[in-house]
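In case you want the letters, here they are:
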Amino acid sequence: MKILYGMQRPDEGEIRVNGSPVGFHTPADAISAGIGMVHQHFMLADNLTVLENVVLGSEPRRGGLALDFAAARKKIKEISDAYGLGVRPDAQVEDLGVGDRQRVEILKVLYRGARILILDEPTAVLVPHEVDELFDNLRGLVREGLTILFISHKLDEVLRVADEITVIRRGTTVATVNPKDVTSRKLAELMVGSELPSPETRESTVTDVVALSVRDLTVRTGDGRPVVENVSFDIHRGEVLGIAGVEGNGQAELVEAIMGMRPCEAGALTLGGADISQWSTLRRRAGGIGYIPEDRHRHGLLLESPLWENRILGHQTRRPNVRGPWIDRAGARADTRRIVEEYDVRTPGIDVDAATLSGGNQQKLIVGREMSGDPVLLIASHPTRGVDIGAQAAIWDHLRTARAAGLAVLLISADLDELIGLSDTLKVILRGRIVADVDPANVTPEQLGSAMTGAGEGV
Amino acid sequence: MNGFVDRLLGRVRLGGWLAVAAPVIAVAFAVLITSVVLLIAGSDPVEAFTTLADYGTQPRSMAMILNTGVMYYISALAVAVGFRMNLFNIGVDGQYRLAAVVAAGLGGAAVVPGVLNIVLVVVVAVIVGALWAAIAGLLRVYRGVSEVISTIMLNAIATGLGSWLVSEHFGVLTGNDLGTRPIPDDAHMPGIPLIAGTPVLVNGFIVVAVVLGVAYWVVLNRTRFGFELRATGKSESAAVASGVSVKKMIVVTMVMSGAVAGLIGMPELLGASYKYSNNFPAGLGFTGIAIALLGRNNPVGMAVGALLWSFLDNSSNQLQLLDISKEIVQIMQGVVVLSVIIAYELVHRYRIVAEQRRVSRELAAPQEAPKAGAAA
C-alpha cells in the first residue's frame, strides 16, 4: 500500500498502471499517475474550510500569485455532484462529522485527478449507517469508471462492496477470489491460514494463583468514546492468556492501561493481590510487570543508544543497572552480555547502537531484558511481529520456558498460529469488548477468525 | 527530521576520532569562508588571522579570554541541560539577568558580612534563575505552552522586571549610570593569578565553571536521573513506556537549567563590576545557545567552544587596526556554528553507514567465530 502510493520503494517487482509500468519515488509521482490514497487517519486541517483543505497543496492560481477560489469552488461542486458526495465547500472541517470528513478526503483525492483510489480501513472510524453511505458513494464512483482498492479487516464489508477480493497474509498474496463464490467463513479461513500449528502435547502449567486480575476496565478516548469497555479477566501464574482480535479493537489501549501509561477506569486492577490501579508505570514495572511493546522502535528502545543503555531502559530503578542514584555501568554491561548470550542476540558487541541490529535481534534483546528481574507478569504485545522465523521460534521457546517457571503472560497478537500455539486461555476482543472465550485446544481458525472479524459473533 | 534535531542537539554520540574530526573540519571551513569574505572586502586574510592569533596569545588577552569564556561556558551548560532533553530553554538570557539583578540588590545591601555575602548572592541568583525557568516548565506541563515561546516572552518580562527593580528599589545613581548599590569589598570573589606575565587576574569563578562542567557530565552520564533525562530526550515515547514521568522531568530539567543560568552573571557581579547596571553584559544566554550547539552539549566541547567564542569576541577590536570591520568576527562565529552542524551531519551519516556495514560484516562473517570462542 505504501509502495503503491510512492511512500516506500519496492525491493523487486513492478507496478503497472493501465498496462504501462511505473516507478514511484514520492506520493507526488503516484498522484500524477492517477493514484490517490484516503488514509485511515484523516489528514485534514480542522480550522480550515472544506474548500481550503481540498485545494491545500494544489491551489489553483490566477495571475501567478492570487488563489482562484472561485474556480476551485466550482470544480469541487462539479466533482461532488458528479459522484453524489454532497460536500459543502464552505463548511468548516471541525464542524463536520466523521463520515463527512471522509467524503472530504475522497474529494481531495478526486480533485487531484485520481482515477484509482486506495482506501485504507475506511470503515474503522465509521458507525454502521455511515458505512452504508460510504458504500453507496463507492458504488457511485465505480459506476463513473473509477477503480477502488478497498483495504479492510472486516469480512462482511469486503464481501458487500468488492468485485474481487485478494487475501494477503503476512505480506504475501494467499488467494484472489470472487465474492460471489466465497462465504465469510471461507474468507476467514483464507485470512488466518487454515493449518494449525502442530498440536502440542504439553502439560498445562496453569496454577490457581492469580497473578493479574482485571475487573471492568474501561478506557475512553479524549472525546469520551470508550475504546476498551468493561474488560475483565484473570491471569494465573504459569498461564498464557491470549487476546485475539483484529488490530485497532482496543488491544493497544488495554495494554497501555495495564501498564499505567493511559488513564482508565477500572473496577479493580490487582497484581499478586496488591491494588495497582493508582501505581505509576515505574512502580508497576518495579512491581514485576515486564512489557514487550507492540512498537519496539517507539516504546521499547533508544535506537541511537548502545545496547547496554537499552538494557537499563525501563529497569532504571533495579539492580544490576543502578546502585542508589548511580548507574552501575559494570553491572548493566555484564548483564547485557548475559542477555546477548542467553537470548542469542546477534551483535558484534554491546556498544553498538540498537538501531544497527536487525528487527529480530532487537526484539530478542527486549525479550531478554523484560524477562530479567523475575517478572510476575509479562505483557507481550505482538512479540514476534516483523522478526525472522529463527528469532520467532526462539522467542516462543523463551515464553514457554518462562511460563513453565510460573510466569503469567498476557499475549496480544494478530498471528493466530502464535495465539493458538502459546495460549492456555484465549479471549476475543472486538470493538473494545471481550466477545468470546475460546479453548485454544480445539478452536478452528475459522471460528476464531469469524469471532475476531465480527462475522459470526458468539462462537 | 526528528533524527536531524537529535543530531543537531548532540544527542547522538560520535565516537573516537570522528568526534574530533568534525569540529576541526568545521573550524577549517569557517576560516576558509571568512578568508573569502575578507578577500572580497579587499583585505588580506593572512594578515587578519595573524593579528588575531598574535593578540590571542598575549598573556593579558589570554586572561581576558578566560574571564569571558567562564561566563560563556556556564551559559552553554545551562542551555545544554535542556537540549539533552529536547527542551529549548531560550530563556537563559532572561533568567541570568533577572537573577543577577536580584542577587546584586541583595548583595549590595550587605545583609551578611564577607564570604557569607558571596554565598548568599550566589544562592539567591540560583534560586531566582530556577524559579524564573520553572514558570516555563510549569506552563509546558500544565498548559501545553511550548517552552520556546514562553521563555522568549519571559525574557522580555525579565528585562522589564529587572529595569523596574533597579530603578525603583535597588538603584543608586553614580554619575550617569543607574545601577545597584555596589557589593562591599569584603564580598568580592578573589581572582587567581593563573596566567604568568600579566597583572590581569583570572576570575575565581573559573573553579565554579570547571566544577559545573564535571558535575554536568557526572549527573548526565552516571546517574539514574541523567539516564532518564537523556532517554526522554532521545525518545519520549520509550521513556513513558519505561516509567519515566515526563512531566516531572520537564519541570526538573527547566529548574536545573534555570539554576545554572542564575550563575552566568556571577563572575561579572562578584568578580568584575560588583553591581548590576546598564553596562552589565547582556545576551550571554544567546551566546550560550550557539556554544552549546558548537560543543554538541559535550562538557569538553563546550569549553573549547566557549574559549573560541571568547577569543574571537575579545580580539575583534584588533582587526580595526588593520582597517577591517570587527563585524567580520561575527560572520566567522556564525559560519563556525553552521559548519559544525553540517560537518557533524556528514560525519554522522558516514558513521551510520560504516557501523551498519561493520555489523553486517561481522555477522555475515563465519558463524564459527562464536563457536571457536566457546571451545577455547
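Numbers given for residues are sequential positions, taken from 1 along each chain in its written order. Here chains are named by letter from A upward and ligands by number from 1 upward, in the order in which they appear as written. In keeping with the predicted nature of the model, local features appear solely for residues at pLDDT of at least 70, side-chain atom pairs appear and are counted solely at 80 or more, and the whole-chain, interface and lining totals rest on all residues. Note: side-chain values were computed over all heavy atoms of the structure, leaving out hydrogens and water.

Per an unreviewed UniProt entry, chain B goes by the name ABC transporter permease and belongs to Microbispora bryophytorum. UniProt positions are given in the numbering used here, feature names are shortened, and annotations may be inferred rather than shown by experiment. Here is the UniProt Subcellular location (unreviewed entry) comment for chain B, exactly as written: "Cell membrane".

Under the annotation held in an unreviewed UniProt entry, chain A carries the name Sugar ABC transporter ATP-binding protein and is attributed to Microbispora bryophytorum.

Chemist: Any details on the sheet that holds strand β18 (residues 377–381) of chain A? Residues and values, ideally.
Modeler: All names here are of chain A. Taking strand neighbours across the sheet as the criterion, the 6 strands line up as β15-β18-β19-β12-β20-β21 in an open arrangement whose pairing is mixed. Sheet topology places β15 (289–292) and β21 (433–438) at the edges, where each strand pairs with a single neighbour. Neighbour-to-neighbour, the strand axes of the sheet open up by a mean angle of 20°, direction not taken into account. Pairing between two strands requires that DSSP report at least two bridges joining them. In this text, helices come from DSSP runs of H or I with a minimum length of four residues, and strands from runs of E with a minimum of two, each type numbered from the N-terminal end. Each axis is a line fitted through C-alpha atoms, taken for helices only over the stretch in contact, and angles between the N-to-C directions span 0 to 180 degrees.

Chemist: Describe in detail helix α4 (residues 98–111) of chain A, supporting the description with residues and values.
Modeler: Helical geometry note: an α-helix holds 3.6 residues per turn, so side chains three or four residues apart project in the same direction. Residues and elements named next belong to chain A. Helix span, as expected, comes to 1.5 Å for every residue beyond the first. Compared with an ideal rise of 1.5 Å per residue, which puts 14 residues at 20 Å, α4 spans 20 Å between its outermost C-alpha atoms and is within 8% of the ideal. Think of it in three bands: residues with accessible area under 20% of the maximum for their type are buried, residues over 50% are exposed, and the middle band is partly exposed, with areas taken using a 1.4 Å probe on protein chains only. By the criterion of burial, α4 is predominantly enclosed, with 12 of the 14 residues buried. Within the sequence span of α4, burial applies to Gly99, Arg101, Gln102, Arg103, Val104, Glu105, Ile106, Leu107, Lys108, Val109, Leu110 and Tyr111. Just beyond α4, the residue with positive phi is Gly113, at close to 85°.

Chemist: I'd like a rundown of the pairing of strand β1 (residues 171–174) of chain B, residues and numbers included.
Modeler: Residues and elements named next belong to chain B. Bridge count between β1 and strand β2 (residues 177–180): 4 bridges; the pairing is antiparallel. Residue pairing for β2: Val172 is matched across the bridge by Gly179. Joining the antiparallel neighbours β1 and β2 is a turn of 2 residues, in which Gly175 adopts a positive phi near 60°.

Chemist: Tell me about the interface of chain A and chain B, residues and numbers included.
Modeler: Whether two residues are in contact is decided by their heavy atoms, any of which lying within 4.5 Å being enough. Facing 32 residues of chain A, the contacting portion of chain B comprises 30 residues. A quick way to say it: buried area is the sum, across both parts, of accessible area lost when two parts are put together, with a 1.4 Å probe. In total, about 2,700 Å² of surface goes out of reach between chain A and chain B, with carbon and sulfur atoms giving 57% of it. Whenever a carboxyl oxygen of Asp or Glu lies within 4 Å of a side-chain nitrogen of Lys or Arg, that contact is scored as a salt bridge. The interface formed by chain A and chain B holds 1 salt bridge in total. In this structure, the salt-bridge partner of Glu309(A) is Arg230(B), at a minimum N-O distance of 3.1 Å. When residues of the side of chain A that touches chain B are traced back to their parent elements, those giving at least two are α9 (281–286), α10 (296–300), α11 (307–312) and β17 (326–327) of chain A. A total of 3 residues in the side of chain A that touches chain B trace back to one element, the largest contributor, which is α9(A). Amino acid classes used here: Ala, Val, Leu, Ile, Met, Phe, Trp, Tyr, Cys and Pro are nonpolar; Asp, Glu, Lys and Arg are charged; the rest, including Gly, are polar. A class-by-class count of the residues in the side of chain A that touches chain B yields 16 nonpolar, 8 polar and 8 charged.

Chemist: Hey, could you go over the sheet that holds strand β11 (residues 226–236) of chain A for me, with residue numbers and the actual values?
Modeler: For sheets, the rule is that strands pair by backbone hydrogen bonds, running either parallel or antiparallel. All names here are of chain A. What the 4 strands build is an open sheet, ordered β11-β10-β13-β14; its pairing is antiparallel. Every interior strand has two partners, whereas the edge strands, β11 and β14 (274–275), have only one. By the bridge criterion, 2 bridges tie strand β13 (residues 268–271) to β14 in an arrangement that is antiparallel. Following the sheet pairing, Thr270 is matched in β14 by Asp275.

Chemist: Account for the packing of aromatic side chains, with residues named and values stated.
Modeler: Note on aromatic contacts: the rings of Phe and Tyr and the six-membered ring of Trp form a pair at centre separations within 6.5 Å, being stacked when their planes are under 30 degrees apart, edge-to-face when over 60 apart, and tilted otherwise. Within this structure, the stated rule accounts for 3 aromatic pairs over all chains. Measuring from ring centre to ring centre gives 5.4 Å for Phe83(B) and Phe88(B), while their planes differ by 65°; the resulting arrangement is edge-to-face. The exposure class assigned to Phe83(B) is buried, which follows from its relative accessible area of 3%. Judged by relative accessible area, Phe88(B) falls into the partly exposed class, the value being 23%. For a ring to carry a charge above it, either NZ of a lysine or CZ of an arginine must fall within 6 Å of the ring centroid while also lying within 35 degrees of the normal to the ring plane. Stacked on the ring of Trp279(A), the Lys or Arg Arg283(A) has its end atom at 4.1 Å from the ring centre.

Chemist: Which residues make up the UniProt feature "transmembrane region" (unreviewed entry) in chain B, and what values do they have?
Modeler: All names here are of chain B. Under the local residue numbering, the UniProt record ascribes the feature "transmembrane region" (unreviewed entry) to residues 17–41, 61–83, 95–112, 118–141, 148–166, 200–220, 249–270 and 328–347. Helix and strand shares over residues 249–270 are 91% and 0% respectively, and the end C-alpha atoms of the span are 32 Å apart. This span, residues 328–347, is 100% helix and 0% strand, and a straight line between its end C-alpha atoms measures 28 Å.

Chemist: Provide a residue-level description of the pattern of salt bridges, including the pertinent values.
Modeler: Residues and elements named next belong to chain A. Within this structure, the stated rule accounts for 26 salt bridges over all chains. Linking Asp335 and Arg338 is a salt bridge whose minimum nitrogen-to-oxygen distance equals 2.8 Å. One end of the pair, Asp335, and the other, Arg338, are both in helix α12 (residues 329–342), 3 residues apart, so they sit about a helical turn from each other. Given the relative accessible area of 12%, Asp335 is considered buried. Relative accessible area serves as the criterion here: at 28%, Arg338 is assigned to the partly exposed category. The shortest N-O distance in the salt bridge between Asp344 and Arg346 comes to 3.0 Å. Its relative accessible area of 36% is what places Asp344 among the partly exposed residues. On the basis of relative accessible area, Arg346 is assigned to the partly exposed category, the value being 36%. Here the salt bridges do not stand alone but share partners, grouping Arg311, Asp335, Arg338 and Glu342 into one network.

Chemist: So, the nonpolar core: which residues are in play, and what are the values?
Modeler: In a soluble, globular protein the nonpolar side chains are often hidden away together inside. Here, nonpolar core means buried Ala, Val, Leu, Ile, Met, Phe, Trp, Tyr and Cys residues that are tied together by side-chain atoms lying within 4.5 Å of each other. One finds Ile74(B), Met266(B), Leu269(B), Leu270(B) and Met302(B) to be the most contacted residues of the largest nonpolar core, which totals 96 residues. Once you skip the residues sitting within four places of it in the chain, Met266(B) turns out to touch Ala100(B), Ala103(B), Val121(B), Val122(B), Ala125(B), Phe205(B) and Gly271(B). If you look at the next biggest cluster of nonpolar residues, it comprises 50 residues, including Val345(A), Ile395(A), Leu407(A) and Ala451(A).

Chemist: Quick rundown of the environment of Ile264(B)? Include the residues and the values.
Modeler: All names here are of chain B. Within the fold, Ile264 resides in the loop between α11 (246–263) and α12 (266–271). Taking the C-alpha atoms as reference, Ile264 lies 7.7 Å from Tyr72; in sequence the two are 192 residues apart. Residues within four places of Ile264 in sequence aside, it is in contact with Met71, Ile74, Ser75, Val92, Tyr96 and Leu284.

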